[in-house]
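Breakdown of the fold
Single-letter residue listing:
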6 protein chains.
Amino acid sequence: MILRYDRVATALPPPTDPDPEGAAAVQELIGGRFGEMSTWLNYTFQSFNFRDRQGARPFYDLVANIAAEEFGHVELVAAAINTMLTGATPTNGKTPSRAPLKSLKGVGNPHHFLAGGQGALPQNSQGRPWTGDYVFSSGDLVEDLTHNFFLETGARNGKLKVYEMVDHPVARALTGYLLVRGGVHQVAYARAVENLTGANLMKLFPAPRIPTEKIPECRPHIERGDHLRLYRFSPNDYLELSAVFNGPHPETGEELVVVDEAPAGELPRDLPAQPAVFAPDVDPGWVAEIAAGLRKKAGLPKGPSGEVANGKANAGRRASAAKKPAGRRKPRATASK
Amino acid sequence: MILRYDRVATALPPPTDPDPEGAAAVQELIGGRFGEMSTWLNYTFQSFNFRDRQGARPFYDLVANIAAEEFGHVELVAAAINTMLTGATPTNGKTPSRAPLKSLKGVGNPHHFLAGGQGALPQNSQGRPWTGDYVFSSGDLVEDLTHNFFLETGARNGKLKVYEMVDHPVARALTGYLLVRGGVHQVAYARAVENLTGANLMKLFPAPRIPTEKIPECRPHIERGDHLRLYRFSPNDYLELSAVFNGPHPETGEELVVVDEAPAGELPRDLPAQPAVFAPDVDPGWVAEIAAGLRKKAGLPKGPSGEVANGKANAGRRASAAKKPAGRRKPRATASK
Amino acid sequence: MILRYDRVATALPPPTDPDPEGAAAVQELIGGRFGEMSTWLNYTFQSFNFRDRQGARPFYDLVANIAAEEFGHVELVAAAINTMLTGATPTNGKTPSRAPLKSLKGVGNPHHFLAGGQGALPQNSQGRPWTGDYVFSSGDLVEDLTHNFFLETGARNGKLKVYEMVDHPVARALTGYLLVRGGVHQVAYARAVENLTGANLMKLFPAPRIPTEKIPECRPHIERGDHLRLYRFSPNDYLELSAVFNGPHPETGEELVVVDEAPAGELPRDLPAQPAVFAPDVDPGWVAEIAAGLRKKAGLPKGPSGEVANGKANAGRRASAAKKPAGRRKPRATASK
Amino acid sequence: MILRYDRVATALPPPTDPDPEGAAAVQELIGGRFGEMSTWLNYTFQSFNFRDRQGARPFYDLVANIAAEEFGHVELVAAAINTMLTGATPTNGKTPSRAPLKSLKGVGNPHHFLAGGQGALPQNSQGRPWTGDYVFSSGDLVEDLTHNFFLETGARNGKLKVYEMVDHPVARALTGYLLVRGGVHQVAYARAVENLTGANLMKLFPAPRIPTEKIPECRPHIERGDHLRLYRFSPNDYLELSAVFNGPHPETGEELVVVDEAPAGELPRDLPAQPAVFAPDVDPGWVAEIAAGLRKKAGLPKGPSGEVANGKANAGRRASAAKKPAGRRKPRATASK
Amino acid sequence: MILRYDRVATALPPPTDPDPEGAAAVQELIGGRFGEMSTWLNYTFQSFNFRDRQGARPFYDLVANIAAEEFGHVELVAAAINTMLTGATPTNGKTPSRAPLKSLKGVGNPHHFLAGGQGALPQNSQGRPWTGDYVFSSGDLVEDLTHNFFLETGARNGKLKVYEMVDHPVARALTGYLLVRGGVHQVAYARAVENLTGANLMKLFPAPRIPTEKIPECRPHIERGDHLRLYRFSPNDYLELSAVFNGPHPETGEELVVVDEAPAGELPRDLPAQPAVFAPDVDPGWVAEIAAGLRKKAGLPKGPSGEVANGKANAGRRASAAKKPAGRRKPRATASK
Amino acid sequence: MILRYDRVATALPPPTDPDPEGAAAVQELIGGRFGEMSTWLNYTFQSFNFRDRQGARPFYDLVANIAAEEFGHVELVAAAINTMLTGATPTNGKTPSRAPLKSLKGVGNPHHFLAGGQGALPQNSQGRPWTGDYVFSSGDLVEDLTHNFFLETGARNGKLKVYEMVDHPVARALTGYLLVRGGVHQVAYARAVENLTGANLMKLFPAPRIPTEKIPECRPHIERGDHLRLYRFSPNDYLELSAVFNGPHPETGEELVVVDEAPAGELPRDLPAQPAVFAPDVDPGWVAEIAAGLRKKAGLPKGPSGEVANGKANAGRRASAAKKPAGRRKPRATASK
């Protein structure tokens with residue numbers, strides 16, 4: 001089971017120039033064979049299907065816990081796509097007969113506009129849907145871990161190429177972050193195979209052979225040490241990560257670290273309505289008015305209680321929410337020995 | 001972002017007689033067009049793509065929060081399938097040349113055995129994969145909510161039919177639970193449409209027109225009131241559920257209730273290795289021994305720290321874990337008015 | 001545009017012993033690559049896309065008109081499947097908890113029961129959906145006609161094999177009819193290629209090389225001459241069929257004939273409700289009662305006005321309906337010279 | 001069974017500037033999940049599979065009859081795409097080696113040129129094929145009708161967005177017409193659910209919330225009352241439409257009307273050959289000459305007998321064809337009470 | 001480019017008891033994600049796309065050469081399936097109306113009988129087609145080799161499980177052979193990664209962790225040393241295999257060996273006609289008679305010139321064919337140092 | 001089984017201006033329904049599944065042998081695509097952060113850059129994968145041959161259209177060659193049907209009706225007689241081709257000829273590394289250095305032993321390789337009578 005906390009993994013720049021073609025390319029990182037839905041759902045299904053968990057506990061904990069982080073990666077790619085699509089259609093003064101989507105004809109993924117509301121799709125850069133056939137869950141632990149290492153390698157390749165193709169600031173903030181965090185998972189699975197079999201997969205890093213530290217957008221995350229840390233995304237479970245995730249980082253030689261709590265995350269940005277595609281309505285004010293009425297009727301605070309990066313939370317919001325970020329327990333970083 | 005806690009939504013019976021054909025049918029509830037991956041990922045993507053969240057906050061909170069519960073439903077279906085497949089192959093004394101999978105030739109979903117390790121697949125009852133094309137996320141709030149109501153109706157239909165086809169006790173425990181909880185989501189979306197537009201979708205219940213209370217396996221969940229409750233699956237967010245989820249239950253007339261915390265859940269069962277399909281290995285002891293060594297090396301407690309339903313947790317497990325279940329805050333049930 | 005008349009192409013036996021495995025096999029004739037959806041939609045799209053229709057009028061008329069007949073073939077296969085599935089679930093006295101679908105676990109196409117209401121699906125015998133990729137519409141007339149001849153040949157192969165596999169009386173009545181009528185279309189396209197290019201495709205008959213007249217269930221249709229006739233399925237259009245469809249039948253040497261009207265067809269059978277799958281409801285009487293009330297309110301006759309093979313039409317039904325069957329104009333059989 | 005009459009549902013402008021990218025977008029309205037193939041084939045299969053038709057006659061008649069109209073909608077979208085693609089390749093004086101398709105490299109749907117003959121495809125705006133998985137036919141009447149209402153809502157969304165993206169006059173004439181007629185079907189299914197269950201779905205109109213009357217290209221159809229009329233597309237059947245389709249229109253309050261015959265339709269335009277893609281041949285005159293010879297040999301009139309919007313029918317065409325349009329019986333408009 | 005020689009990689013037993021369900025399972029080894037089409041076409045595309053071949057020559061030669069052997073593996077699986085399906089339908093005295101396929105209704109893959117002629121399909125064990133999405137060809141050498149090692153590991157898993165499920169003698173002969181030869185490819189790619197990066201993947205063997213030598217049907221191949229040999233499948237190319245394929249075998253410690261020619265192979269078995277499915281015809285004698293006539297007319301020897309395992313070749317067959325097996329040059333086994 | 005020889009079927013021009021959109025269009029010739037993978041794998045599977053080969057030997061030999069040639073066609077299309085993509089990304093001086101793929105955003109098939117290494121994909125011009133559903137192998141000889149003729153006709157159509165769309169010199173050299181050789185296969189299957197049934201399919205040529213000799217890029221191949229020749233792609237097998245492939249060419253009237261050996265082929269071009277997509281590495285020199293070391297260690301010649309069109313082979317390469325091209329036996333052209 002999961003608890004959800006309304007934060008994103010890293011801060012993305014606000015919407016500026018829309019980039020529909022860039023957004024179409026970034027879709028590869030959600031719905032491609034090596035996109036984040038694949039990493040997320042591979043590990044999720046492997047954890048669901050894990051047999052003899054007690055016997056193999058450190059490995060079960062590793063797979064189940066990384067699965068949890070991957071949710072946040074899909075969420076982040078979606079946020080990036082949504083941001084890059086914001087503003088692609090006029091937001092006021094345009095009636096349907098003036099063809100507000102005309103400039104998007106033949107541009108990018110047509111489903112961003114014709115099917116969705118300028119939002120992320122579970123599709124790849126070719127507009128083809130993610131499929132369950134991308135999930136590998138053989139049950140054989142060595143094989144599943146080998147697969148996961150290969151999957152993360154393919155994922156790193158894909159991120160690097162999207163980085164090279166799309167230099168929109170939002171895409172760069174996204175890929176810079178994902179390269180660092182995905183790199184940790186790549187190391188984690190290599191280390192798991194090593195710890196299980198003795199095969200020194202660390203010799204394969206970096207794969208592809210581009211040093212992560214050479215990517216400018218990766219550097220801030222490296223500087224704060226995020227390339228070394230495996231966070232524990234659970235209030236109380238998955239306590240044996242450090243049995244597997246340990247030893248020196250293959251690129252820098254620094255010690256890998258298990259952080260005994262989830263990152264606090266960043267407030268998500270509330271992206272503006274795009275009325276030309278009816279998201280959330282032709283007249284967003286109509287929804288807002290009804291929402292306010294329902295809130296009042298239910299005895300809730302007058303303004304919206306949720307916090308977003310680009311707005312004030314309702315004064316009436318519970319104090320504890322601000323003080324005690326999601327999933328945070330007493331911080332305790334465990335450096336492996 | 002999410003936190004994961006290692007509990008399942010309801011207790012399932014232990015493995016007894018395997019039922020590979022039943023397990024193949026139950027796959028419809030994971031990977032079918034109306035299965036739990038569909039409800040889960042529809043709401044998840046809708047929440048990712050939600051624009052003007054502050055204006056439409058109660059609706060955003062509703063969709064995002066139900067998405068979180070749906071994760072637990074996929075997990076539960078997977079647990080049921082894994083349980084039903086346990087024991088389908090001999091667990092000892094059988095060498096490969098004796099054809100330990102022979103009795104499964106032509107039985108059920110061949111990928112349960114030839115591709116997976118007697119585990120759940122992201123496929124439907126025909127062995128076809130779940131696809132991103134099952135996700136509907138138009139951005140138009142009225143339309144997305146209308147879709148969600150229809151989706152839950154289709155999901156209820158599917159659950160009822162699996163219930164009728166598979167009477168294995170694990171499948172019955174599963175469908176009994178899902179019918180009650182899915183029913184709450186069906187009500188929630190109907191109520192959301194009503195609160196937004198005034199259309200009284202409550203007149204459509206039950207849909208299909210089989211009273212839930214007539215299903216014996218549903219009754220325990222109804223008796224403890226679970227047909228009325230929407231849980232908040234978040235430490236601090238999604239606080240406006242009661243603005244939408246309120247009023248009388250369409251079948252019983254009782255008041256709908258928002259529960260201000262997630263359910264504690266049940267300890268998962270640690271299903272035994274199935275060495276004939278190498279899950280987690282031909283020789284599970286090999287993995288366990290290595291795991292124990294790694295735990296020791298990392299300074300972790302000697303035994304496995306994770307708790308499972310069918311085993312003792314390590315004595316050294318942190319006390320707090322047992323005392324403070326996942327995501328539980330001070331309970332506060334808010335009956336809507 | 002089309003007019004629909006509520007008749008089926010030939011009479012099928014009433015439901016007797018259900019045959020879910022047979023019904024699953026018969027699905028190949030709806031949704032297979034060479035099934036009736038393929039013939040229907042290939043010719044339909046080809047007619048939609050036909051350029052220079054006036055110049056190529058006889059060929060346009062041929063393709064457009066055969067497309068119309070193919071609708072009735074899909075309808076007939078669906079009727080056969082529905083009939084063969086009737087009775088596969090108990091129709092009374094069974095509560096859901098008694099598992100009314102249990103005997104169907106692992107039998108036939110699971111979507112007949114878990115997704116549909118014991119009804120036909122747009123899928124093939126493997127449970128895979130028909131796809132638009134089965135449509136070939138190159139625009140090149142010689143090539144499209146060559147394709148159509150090949151498609152009909154593949155379709156004949158498929159019908160023969162379903163005939164050989166499923167000897168349920170409904171399947172046999174179906175395939176017996178389709179072999180004769182599909183054979184006419186096979187001849188029509190071969191003749192079209194001949195008339196356009198001079199290539200004597202008649203030498204390829206029968207293909208596969210099983211004489212149609214040796215199939216007992218084909219004989220009644222042959223005896224009444226249906227293997228020679230191309231009906232005109234239109235009130236006033238497609239008048240140039242005889243320019244292409246003419247000459248001797250390749251198997252019998254008899255003259256091919258264009259019939260200047262559509263066949264009257266047979267009354268469809270009203271198949272009974274299957275409440276275990278909620279078709280049309282758990283309690284069919286509930287629907288019927290509401291329907292009767294709506295009819296009354298609208299000033300319509302008391303009983304149902306539609307005619308079915310197994311019931312009495314409402315006495316108040318318009319007399320003309322019985323007297324003047326669909327699409328029938330003054331009969332005029334035009335034997336080609 | 002069906003009769004086909006060679007008319008299109010509304011008149012489209014003649015080919016002018018080709019718009020391959022627009023045509024690629026319009027494909028969503030044929031082969032998309034919410035395109036016309038989906039509405040058409042959903043209702044068609046639901047009618048094939050309808051059980052206890054006599055008991056539920058008004059609903060059966062409604063579904064079966066709307067299915068018939070939908071054929072004409074697919075036909076109309078195809079005609080629009082064909083028109084928009086006309087002229088995209090040079091029609092004379094260009095040899096293959098001069099690369100007559102060069103300007104289309106990277107433009108629109110490549111299959112319009114590389115696979116088809118500048119014609120419509122059973123694909124969506126991404127070039128992915130329509131699939132049988134888009135058909136929902138549960139057999140449960142309430143659920144199928146709920147689905148159909150949702151499907152029409154999604155279809156209206158798609159039409160509005162194509163309208164906004166493609167302002168080619170042919171696309172606008174198409175979407176203007178479809179929005180009005182699709183709107184009638186949306187109302188019809190909402191009303192069916194209302195009449196069956198009492199749920200007032202009329203409160204959901206318009207959905208999406210853009211008033212149809214604000215669309216300039218819709219107005220002519222509204223002005224002649226086509227937003228209120230359900231036509232009966234059958235010579236003699238489907239007589240109980242008025243039992244369901246009745247009451248006030250949700251947007252205008254006017255009474256809904258059942259028209260007891262099919263519309264006459266408009267003559268289709270005969271689109272010119274596109275020899276660069278061999279449609280119908282590299283040398284269309286070759287086909288025409290052969291066709292004329294075949295007509296003569298068969299004793300048919302000298303010129304083509306079919307009527308098209310942009311040409312003269314053969315003088316020898318049967319007089320009755322002009323006088324008695326397809327499927328027209330004595331007109332009788334039945335206003336519901 | 002390729003030359004084909006009409007031999008199979010190993011001798012299979014003759015047809016005995018047909019095993020349609022076994023044949024359906026064996027399909028996983030042709031068309032599954034980890035089947036032989038996948039290994040074959042992955043390496044084939046990787047070799048087509050290989051850049052800077054001269055710089056990376058030993059690796060190019062390795063991939064291109066293994067691709068060539070894989071053709072023979074697909075061919076062998078097809079031969080096994082064809083053999084296992086032989087005899088599943090009656091071969092004489094059965095007319096179509098006697099339902100010669102009846103016993104196969106609901107058994108195995110329906111396309112073996114309804115679509116094909118009791119022959120192999122490019123489908124997996126679920127009847128789903130092989131797809132180009134199974135091909136991974138990133139161009140990055142380290143990554144492609146890593147992938148190939150993982151692919152071979154998954155392939156070994158699949159072979160082991162088919163071995164365990166299907167004990168038909170033909171399936172066992174097949175899997176026994178493939179396990180040994182696939183194991184060589186698994187070693188080859190592991191060794192390639194090692195030689196390129198230093199990562200000692202040899203520690204991962206056997207994967208899955210079942211010793212090959214414990215499989216009785218593998219032993220004969222091991223005893224003649226086939227687990228150590230990489231054959232060169234080319235008259236004159238791919239000469240640098242030994243630069244990569246060298247060192248000790250990870251399971252036995254013996255030296256790996258490059259054999260400088262292709263194996264001679266075994267004569268294929270000529271499987272008998274299956275007239276019930278028209279393969280090659282309802283009346284195979286009809287084809288044979290025509291073939292004999294064509295041979296005579298062309299001045300070819302009277303009898304068939306091709307050699308098969310179960311028949312005599314034409315006396316007039318060129319002597320050289322028997323003496324000089326395909327692709328054999330002067331044998332030269334190169335043991336790596 | 002096959003032997004592979006490292007030659008391509010015809011010489012292609014060297015890389016000049018890259019043409020990513022052209023390359024995306026050319027993909028139709030690999031992975032489209034009528035592309036070379038389809039011809040290749042259709043004939044390959046048909047040959048695998050061929051029953052009563054001895055009885056039908058000339059037809060078996062024909063199908064099996066043409067399958068072998070088709071491999072070279074897929075290889076050639078891949079070489080063309082690789083060449084056309086060469087240079088699309090900068091090859092030096094560009095760091096990832098400078099966005100070396102930026103100019104390719106929204107251009108052509110995104111998988112050429114994001115998934116692959118500027119290489120060919122098993123996909124069509126829409127970026128959709130080739131699928132096993134494109135294989136037709138009914139086992140019925142007449143039907144399979146009829147299919148093959150139709151398939152080749154569709155393939156010729158596709159080649160002509162790619163020719164018309166893409167005038168890049170590499171694409172023109174490709175299509176000019178394929179039209180001639182594919183034309184031979186089209187004739188071969190037409191002739192096979194004729195020889196088997198008497199149906200004079202030769203009347204259908206050319207299909208589409210564009211004379212091959214009018215294509216400038218086809219003429220050199222016609223002038224050297226390649227439009228008349230069927231090569232035997234085997235050292236010793238498939239000796240009965242002349243029994244079927246004989247008679248006059250349908251377009252020119254010249255005698256068809258069987259050539260009793262495979263063509264020598266042309267040396268392939270070694271396309272340069274594309275480091276921006278890591279093919280074969282970010283730093284190709286790294287691979288080359290390791291390769292040289294491995295060669296040395298294995299006692300192989302110092303330089304690469306393989307020959308390529310654009311480079312010198314190692315002096316130490318075996319002399320025989322240059323003298324005795326692949327698969328060449330004593331040439332013996334057999335003109336049919």
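Residues numbered from 1 in each chain as written. Chains lettered and ligands numbered in written order. Predicted model: local features only at pLDDT ≥ 70, side-chain atom pairs only at ≥ 80, totals over all residues. Heavy atoms only, no water.

Examining the overall build of chain A
Secondary structure assignment for chain A yields 10 helices and 4 strands. Taken against the 2.2 N^0.38 rule, which gives 20 Å for 337 residues, the C-alpha radius of gyration of chain A at 21 Å falls within 12% of a compact globule. A principal-axis box enclosing the C-alpha atoms of chain A has dimensions of 65 × 50 × 35 Å. Pairs at least 24 residues apart make up 77% of the contacts formed inside chain A by residues separated by at least 6 positions. About 9200 Å² of surface is accessible on chain A, with carbon and sulfur atoms providing 53% of the total. (Helix = DSSP H or I, 4+ residues; strand = E, 2+ residues; numbered from the N terminus. Rg over C-alpha atoms; globule rule 2.2 N^0.38 Å. Contact = heavy atoms within 4.5 Å. Areas by Shrake-Rupley, 256 points an atom, 1.4 Å probe, with all protein chains shown as cover.)

A look at the packing of helix α3 (residues 36-48) of chain D against helix α4 (residues 57-85) of chain D
Residues and elements named next belong to chain D. The geometry of α3 relative to α4 is characterised by a closest axis approach of 8 Å and an angle of 150 degrees between their N-to-C directions. Classed by the angle they form, the pair α3 and α4 counts as roughly antiparallel. In this structure, α3 meets α4 at a crossing whose hand is left-handed. Counting all contacts with α3, which are made through Glu 36, Met 37, Thr 39, Trp 40, Tyr 43, Thr 44, Gln 46 and Ser 47, the residues of α4 involved are Tyr 60, Val 63, Ala 64, Ile 66, Ala 67, Glu 70, Phe 71, His 73, Val 74 and Val 77. (Axes fitted to C-alpha atoms, helices over the stretch in contact; angles between N-to-C directions. Parallel < 35°, antiparallel > 145°, perpendicular 65-115°, else oblique. Left-handed = near helix turned anticlockwise from the far one by under 90°.)

What about the interface of chain F and chain A?
Taken together, the 28 residues of chain F in the interface contact 25 residues of chain A. Counting each side, the surface lost to burial between chain F and chain A is near 2200 Å², with a carbon and sulfur contribution of 59%. For the chain F face of the interface with chain A, the top three residues by lost area are Lys 105, Leu 114 and Phe 278 of chain F, together amounting to 34%. Our count for the chain F to chain A interface comes out at 3 salt bridges. Among the ionic pairs, Asp 167 of chain A bridges to Lys 102 of chain F, the shortest N-O distance being 3.0 Å. Among the elements that take part in the side of chain F that touches chain A, helix α5 (residues 111-114) of chain F stands out by supplying 3 residues, more than any other. Taken together, the residues of the side of chain F that touches chain A sort by class into 15 nonpolar, 8 polar and 5 charged. (Buried area = accessible area lost by both parts, 1.4 Å probe. Salt bridge = Lys/Arg side-chain N within 4 Å of Asp/Glu carboxyl O. Nonpolar A, V, L, I, M, F, W, Y, C, P; charged D, E, K, R; others polar.)

Some points on empty space enclosed by the protein
Computed from the structure, the largest cavity encloses a volume of approximately 1300 Å³. Taken together, 46 residues make up the lining of the largest cavity; nearest its centre are Pro 129 of chain A, Pro 129 of chain B, Pro 129 and Thr 131 of chain E together with Pro 129 of chain F. Counted by class, the lining of the largest cavity contains 20 nonpolar, 8 polar and 18 charged residues. (1 Å grid on protein atoms, 1.4 Å probe; cavity = no way out; pocket = protein on both sides within 12 Å on 5 of 7 lines; lining within 4 Å. Points joined across faces, edges and corners; volume = space filled by probe spheres on them.)

A short note on the interface of chain D and chain C
Every contact between the two is made by 116 residues of chain D and, on the other side, 116 residues of chain C. Regarding the contact of chain D and chain C, the summed buried area is about 9900 Å², with carbon and sulfur atoms giving 56% of it. Sorting the residues of chain D by area buried against chain C places Met 1, Arg 4 and Arg 51 of chain D first, and these three jointly supply 12% of that buried surface. Scanning the region where chain D abuts chain C turns up 6 salt bridges. In this structure, the salt-bridge partner of Asp 6 of chain D is Arg 57 of chain C, at a minimum N-O distance of 3.8 Å. Summed over the shared surface of chain D and chain C, the result is 57 residue pairs in polar contact (both at pLDDT 80 or more). (Polar contact = N/O pair within 3.5 Å; in protein donor to acceptor, adjacent residues only side chain to side chain.)

Section: the relation of the copies chain D and chain C
Between the two copies, chain D and chain C, the superposition gives an RMSD of 0.0 Å; the rotation angle is 180 degrees and the shift along the axis is 0.0 Å. What the superposition gives is, in effect, a two-fold axis relating one chain to the other. For chain D, the residue whose C-alpha comes nearest the rotation axis is Thr 131 of chain D, separated from it by 2.2 Å. (Least-squares fit on C-alpha atoms with pLDDT ≥ 70 in both.)

A short note on the relation of the copies chain F and chain A
Mapping chain F onto chain A calls for a rotation angle of 120 degrees and an axial translation of 0.0 Å; the resulting RMSD is 0.0 Å. Both copies of the chain, as the preceding transformation shows, are related through a three-fold rotation axis. Little of the interface of chain F is mirrored in chain A, where only 4% of its interface residues are also at the interface.

Considerations on the pattern of salt bridges
If the charged atoms of two oppositely charged side chains come close together, the side chains can form a pair. Summed over the entire model, instances satisfying the criterion amount to 96 salt bridges over all chains. With a closest N to O distance of 3.8 Å, Arg 7 of chain D and Asp 237 of chain C form a salt bridge. Of this pair, Arg 7 of chain D sits in the loop between β1 (2-4) and α1 (20-26) while Asp 237 of chain C sits in the loop between β2 (229-231) and β3 (257-259), each in a different chain. Neither Arg 7 of chain D nor Asp 237 of chain C differs from the other in exposure class; each is buried. For Asp 260 of chain F, the salt bridge identified is with Arg 232 of chain F, shortest N-O distance 2.4 Å. Pair noted here: Asp 260 of chain F is in the loop between β3 (257-259) and α9 (284-297) and Arg 232 of chain F is in the loop between β2 (229-231) and β3, with a separation of 28 residues, a long-range link. Residue class for Asp 260 of chain F comes out buried when judged on its relative accessible area of 5%. (Buried < 20%, exposed > 50% of the residue type's maximum accessible area, 1.4 Å probe, protein only.)

Some points on the packing of aromatic side chains
For any pair of aromatic rings, geometry is given as the distance between the ring centres together with the angle between the planes. Evaluation of the coordinates by the stated rule reveals 81 aromatic pairs over all chains. Between Tyr 60 of chain C and Tyr 238 of chain C, the ring centres sit 6.4 Å apart and the planes meet at 55 degrees, which makes this aromatic pair tilted. Taken as a pair, Tyr 60 of chain C in helix α4 (residues 57-85) and Tyr 238 of chain C in the loop between β2 and β3 lie far apart in primary sequence, 178 residues in all. Residues Tyr 60 of chain C and Tyr 238 of chain C agree in their burial class; the two are buried. Aromatic ring contacts, followed pair by pair, group Trp 40, Phe 45, Phe 48 and Phe 71 of chain A together with Trp 40, Phe 45, Phe 48 and Phe 71 of chain B into a single cluster. The residue whose ring lies beneath Arg 172 of chain B is Tyr 163 of chain B, and the NZ or CZ to ring-centre distance is 3.8 Å. For Arg 209 of chain E, the ring lying beneath its charged end belongs to Trp 286 of chain B, and the centroid distance is 3.5 Å. (Phe/Tyr/Trp six-rings, centres within 6.5 Å; stacked < 30°, edge-to-face > 60°. Lys NZ or Arg CZ within 6 Å of the ring centre and 35° of its normal.)

A short note on the confidence of the model for chain A
Residue and element names in this part refer to chain A. Averaged over every residue, the pLDDT of chain A is 93; residues scoring 70 or more account for 92%. Overall, residues 313-337 carries pLDDT values under 50, and its contacts beyond four positions in sequence, including any with other chains, amount to 63 contacts. With pTM at 0.95, the complex prediction returns an ipTM value of 0.94. (pLDDT = per-residue confidence, 0-100.)

Examining unusual backbone geometry
Note the cis peptide between Ala 207 of chain B and Pro 208 of chain B, where omega equals -10 degrees. Structurally, Pro 208 of chain B is set in the loop between α7 (169-197) and α8 (219-223). Backbone geometry at Gln 118 of chain A places phi at a positive 55 degrees, although glycine is not the residue there. Structurally, Gln 118 of chain A is set in the loop between α5 (111-114) and α6 (141-165).

So, the arrangement of the chains
Chain A makes no contact with chain C; the smallest distance between any of their C-alpha atoms is 15 Å. Chain D shows no contact with chain E. Their nearest C-alpha atoms sit 15 Å apart.

Examining helix α3 (residues 36-48) of chain F
Every α-helical turn comprises 3.6 residues, leaving residues that sit three or four positions apart pointing alike. Its 13 residues place the ends of α3 of chain F 18 Å apart at the C-alpha level, agreeing with the 18 Å of an ideal helix rising 1.5 Å per residue. Burial analysis of α3 of chain F places 13 of its 13 residues in the buried class, the great majority of the element. (Expected span 1.5 Å × (residues − 1).)

A word on the side chain of Gln 186 of chain A
Residue and element names in this part refer to chain A. Locating Gln 186 in the fold gives a position in helix α7 (residues 169-197). Taking the relative accessible area as the measure of exposure, Gln 186 reaches 1% and is therefore buried. Non-local contacts of Gln 186, meaning those with residues more than four positions away in its chain, are made with Phe 149, Glu 152, Thr 153, Arg 156, Phe 205 and Ala 207.

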